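Summary of structural features
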Amino acid sequence: DMLDDFLPPNHPSNLDEMLENPSEYDLPLGHPDLAKMMREKDLPTTGIELFFPHPDVTESIQARRALPVGHPNVAELLEECLPRDHPLNLDEMLNKPSQFPLPFGHPDLNRLMKIEHIPPLIFSAHPNIDANLRAIGGFDFPESHPSVVDLLEDFLPPGHPLDLDNMLRN
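Below, the structure is looked at part by part.

Cut-offs applied
- Residues numbered from 1 in each chain as written.
- Predicted model: local features only at pLDDT ≥ 70, side-chain atom pairs only at ≥ 80, totals over all residues.
- Heavy atoms only, no water.
- Helix = DSSP H or I, 4+ residues; strand = E, 2+ residues; numbered from the N terminus.
- Buried < 20%, exposed > 50% of the residue type's maximum accessible area, 1.4 Å probe, protein only.
- Areas by Shrake-Rupley, 256 points an atom, 1.4 Å probe, with all protein chains shown as cover.
- Core = buried A, V, L, I, M, F, W, Y, C linked by side-chain atoms within 4.5 Å.
- Contact = heavy atoms within 4.5 Å.
- Salt bridge = Lys/Arg side-chain N within 4 Å of Asp/Glu carboxyl O.

Turning to the overall build of the protein, a few remarks are in order. Along the backbone of the protein there are eight helices and two strands. The linear arrangement of helices and strands in the protein, starting from the amino end, is α-α-β-α-α-α-β-α-α-α. In the protein, buried positions account for 21% of the 170 residues. By element, 55% of the accessible surface of the protein is carried by carbon and sulfur atoms, the whole surface being about 13500 Å².

By size, the foremost hydrophobic cluster in this structure holds 15 residues, and its most contacted members are Val74, Leu78 and Leu90. Secondary structure elements with two or more residues in this core: strand E1 (48-50), helix H3 (57-62), helix H4 (74-78) and helix H5 (90-95). In contact with Leu90, not counting residues within four places along its chain, are Val74, Ala75, Leu78 and Leu82. The next biggest cluster of nonpolar side chains, apart from the first, holds six residues, and it includes Val148, Val149, Leu164 and Leu168.

With that settled, consider the pattern of salt bridges. Two side chains of opposite charge can pair, provided their charged atoms sit close to one another. Applying the stated rule across the entire model yields two salt bridges. Residue Arg65 is joined to Glu59 by a salt bridge in which the shortest nitrogen-to-oxygen separation is 3.8 Å. Given the relative accessible area of 46%, Glu59 is considered partly exposed.

Now for unusual backbone geometry. Phi at Arg64 is positive, roughly 60°, even though this residue is not glycine. Relative to the helices and strands, Arg64 resides in the loop between H3 and H4.

Everything listed is a geometric property; what it means functionally is a separate question.
Here it is as structure tokens:
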């Protein structure tokens, strides 16, 4: 569809199949160089800023792994950076990767994520939160403990539960 205006009238119509299976289709003698016709569009400068490691998205789709339960709405996260003609059912596609494989030549989705590190928030001796959570399933906050939400709200991804203080205590 995208190349209809540029292809000669006698060009085969199964272009996607030909590009996905190049070993089955030889280019005819004198065919223009495909590499000179293609260039990757610049990815948007906006994307998703994350403050934690994220699984490789392209690898997950190729392995047919769906989004984890509770994952934020991807369409909302990316609505400002999608091309005009991009399908809007992103969450359906990412939840059913075997039904929606990435099309040939799709940009690497991992490039839409900018991983940042949360700056240190605690400067004194502090109990190991991860160890406490694993050992006793919660954390016994002193009454004077600052709100975890207040400390981390700038770094939480969209849709993250905001009842962190209660979640950590229970």
